[in-house]
Amino acid sequence: MLIRHRKSSDVASREITPESVYLNRRNFLSVASGAAIALTAGERSARAAGLPASGAAFANVKPGYAKLGEDDAVTPHESATTYNNYYEFAQGKDQPAKLAHTFKPLPWKVAVDGLCAKPGTLELDAFLQPHDLEERIYRLRCVEGWSMVIPWVGISLAEVVRRFEPLGSAKYLRLETVHRPEELPGQRGDMLIWPYVEGLRLDEATNPLAILAVGMYGKVLPGQSGAPIRLVVPWKYGFKSVKSIVRLSFTEEAPHNTWAIKRPDEYGFYANVNPLVDHPRHTQATERRIGDGGKFFGLIEERRPTLMLNGYEEEVAHLYSDLDLRKNF
Ligand SMILES: Nc1nc2c(c(=O)[nH]1)N[C@H]1C(S)=C(S)[C@@H](COP(=O)(O)O)O[C@H]1N2
Ligand SMILES: [Mo]
């Protein structure tokens, strides 16, 4: 497989989704906090054009890590934002996009607590403020057997972890989704135990690949994709990438993650993409790439081999050298 390494001098995915109007980062942060600010002419026209917060585009995004194979075309924006798993809305893949208008991602606060020296609850803009926004183009592989290639805009989770100064006793990071049954119709039912919880070992959370995303395709995240801030850990199955995060907690014990509670025989804590270990109901050896134009057999996308650790072995395999990934699924 041909691997293309993108250097920071290369052109960002701006070319993929040209936008007539870019809001700068300061404006995004202010939009996020609802604060009144002086707008530039471009920003005024964006507002006047009635761009919703979720349609606002970023300007000052540094091109970041993007290692793609020659068959890895970026998934069409339309597919990535209308084929979603977000059970807080509903279970159908098309439902989150249709119901997202019921959810108000702003204003937003993120609480950081547990075993750390600098706990606190911050408005989203204050939470993001010290960190650079970077574009990361990653494969996303769902345990159900579909995948996408998504250009995220996000901040380094490693930097976030270090900033709140975990204590020596902290071994894990627990991440929790917002709980608002009045806005999230799925939370009025009992499909899962709410709020949705995920967790990472601290050395996983500080791996350079892990990010907290606030945007995709150069724009602010839409509700169905986990607005206003979600995890992205591309070497793990999609369910680890918890959406609409309100709380980060440093813990000594491994957090009980939602899907491992729901179906302990099917889902574990690690959930590393592994083509050698099948899920009881889904093969993990192959996957279908959503929106894979030109590769259709009828209406079904051709399946392609799934890569060990979703193609990120070089970056993360060392984290698991002591583990039997068949047992620690
Ligand atoms: N809070 C929350 N986070 C979630 C989910 C969810 O239902 N609720 N679904 C997960 C699953 S199973 C996948 S595959 C990814 C899908 O992300 P996407 O819809 O942006 O492609 O989100 C994950 N994060
Ligand atoms: Mo998933």
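Heads up: the structure comes first, above all this text.
Residues numbered from 1 in each chain as written. Chains lettered and ligands numbered in written order. Predicted model: local features only at pLDDT ≥ 70, side-chain atom pairs only at ≥ 80, totals over all residues. Heavy atoms only, no water.

A. Inspection of the nonpolar core at higher detail. Counting 80 residues, the largest nonpolar core has F127, L157, L212, I229 and W235 as the members making the most contacts within it. When residues in this core are grouped by element, the largest group, 6 residues, is from strand 7 (residues 146–156). Not counting the four nearest positions on each side in its chain, W235 is found in contact with E204, N207, L209, A210, N272, V273, L309, N310, Y312, V316, L319 and Y320. (Core = buried A, V, L, I, M, F, W, Y, C linked by side-chain atoms within 4.5 Å. Buried < 20%, exposed > 50% of the residue type's maximum accessible area, 1.4 Å probe, protein only. Helix = DSSP H or I, 4+ residues; strand = E, 2+ residues; numbered from the N terminus. Contact = heavy atoms within 4.5 Å.)

B. Inspection of the site of ligand 1 at higher detail. Contacts to ligand 1 come from 16 residues, most closely from N84, Y87, E88, S241 and K243. Between ligand 1 and N84, the relevant distance is 2.8 Å, taken from an oxygen atom to a side-chain nitrogen or oxygen of the residue. E88 places a side-chain nitrogen or oxygen 2.7 Å from a nitrogen atom of ligand 1. The protein chains hide 97% of the 530 Å² of surface that ligand 1 would expose on its own. Residues that form the shell around ligand 1 fall into these classes: 8 nonpolar, 5 polar and 3 charged. (Near = heavy atom within 4 Å. Polar contact = N/O pair within 3.5 Å; in protein donor to acceptor, adjacent residues only side chain to side chain. Areas by Shrake-Rupley, 256 points an atom, 1.4 Å probe, with all protein chains shown as cover. Nonpolar A, V, L, I, M, F, W, Y, C, P; charged D, E, K, R; others polar.)

C. Expanded view of the sheet that holds strand 5 (residues 120–123). If you trace the 5 strands from one edge of the open sheet to the other, you get 5-4-13-8-9, paired in mixed fashion. Every other strand in the sheet has two partners, leaving strand 5 and strand 9 (197–201) as the edge strands with one partner each. Put simply, the sheet's adjacent strands are angled 15° from each other on average, direction ignored. As paired elements, strand 4 (residues 109–114) and strand 13 (residues 245–251) share 4 bridges and run parallel to each other. When the sheet's bridge partners are listed, V112 is paired in strand 13 with L248. (Pairing = 2+ DSSP bridges. Axes fitted to C-alpha atoms, helices over the stretch in contact; angles between N-to-C directions.)

D. Inspection of the pattern of salt bridges at higher detail. Evaluation of the coordinates by the stated rule reveals 22 salt bridges. A salt bridge links D72 to R289, with the shortest nitrogen-to-oxygen separation between them at 2.8 Å. Remark: R289 occurs in strand 14 (residues 286–289) and D72 occurs in the loop between strand 3 (67–69) and helix 3 (77–80); sequence separation between them is 217 residues. Judged by its relative accessible area of 9%, D72 falls in the buried class. Across the pair E266 and R263 runs a salt bridge, and its minimum N-O distance is 4.0 Å. We classify E266 as buried; its relative accessible area is 12%. Owing to a relative accessible area of 28%, R263 belongs among the partly exposed residues under this scheme. (Salt bridge = Lys/Arg side-chain N within 4 Å of Asp/Glu carboxyl O.)

E. Region of interest: the pairing of strand 7. Among the 11 residues in strand 7, 11 count as buried, and that is most of the element. Bridge count for strand 6 (residues 134–141) against strand 7 is 8 bridges, and the pairing is antiparallel. When the sheet's bridge partners are listed, Y138 is paired in strand 7 with I150. The turn joining strand 6 and strand 7, which pair antiparallel and follow one another in sequence, is formed by 4 residues; a positive phi near 105° is taken by G145. Taken together, the 2 bridges between strand 7 and strand 14 define a ladder with parallel strand orientation. The partner of W146 across the bridge, within strand 14, is R288. In terms of strand pairing, strand 7 meets strand 10 (residues 211–216) through 5 bridges, oriented antiparallel. Note on strand 10: the bridge partner recorded for G154 is A213.

F. Here's a closer look at the packing of aromatic side chains. Under the criterion given, the structure shown has 12 aromatic pairs. On the basis of an interplanar angle of 85° and a centroid distance of 5.0 Å, the ring pair of Y86 and F89 is categorised as edge-to-face. Note on Y86: relative accessible area 2%, which makes it buried. Using a relative accessible area of 2% as the deciding quantity, one classes F89 as buried. Plain terms: the ring middles of F103 and W108 are 6.0 Å apart, the flat faces sit at 85° to each other, and that makes the pair edge-to-face. (Phe/Tyr/Trp six-rings, centres within 6.5 Å; stacked < 30°, edge-to-face > 60°.)

G. Representation of the pairing of strand 4 in the model. Bridging between strand 4 and strand 5 involves 4 bridges; their strand directions are antiparallel. Along strand 5, the bridge assignment pairs V110 with L122. Linking strand 4 to strand 5, which pair antiparallel, is a turn of 5 residues.

H. Layout of unusual backbone geometry. For the peptide bond that leads from L106 to P107, omega is -5°, which places it in the cis range. For the bond from A227 to P228, the omega torsion is -5°, close enough to zero to count as cis. Residue placement: P228 occurs in the loop between strand 11 (219–220) and strand 12 (230–232). Despite not being glycine, A271 has its phi angle at roughly 50°, a positive value. Structurally, A271 is set in the loop between helix 8 (258–262) and strand 14. A271 sits in the buried class, given a relative accessible area of 2%. A positive phi angle is found at N310, which is not glycine, with a value near 55°.

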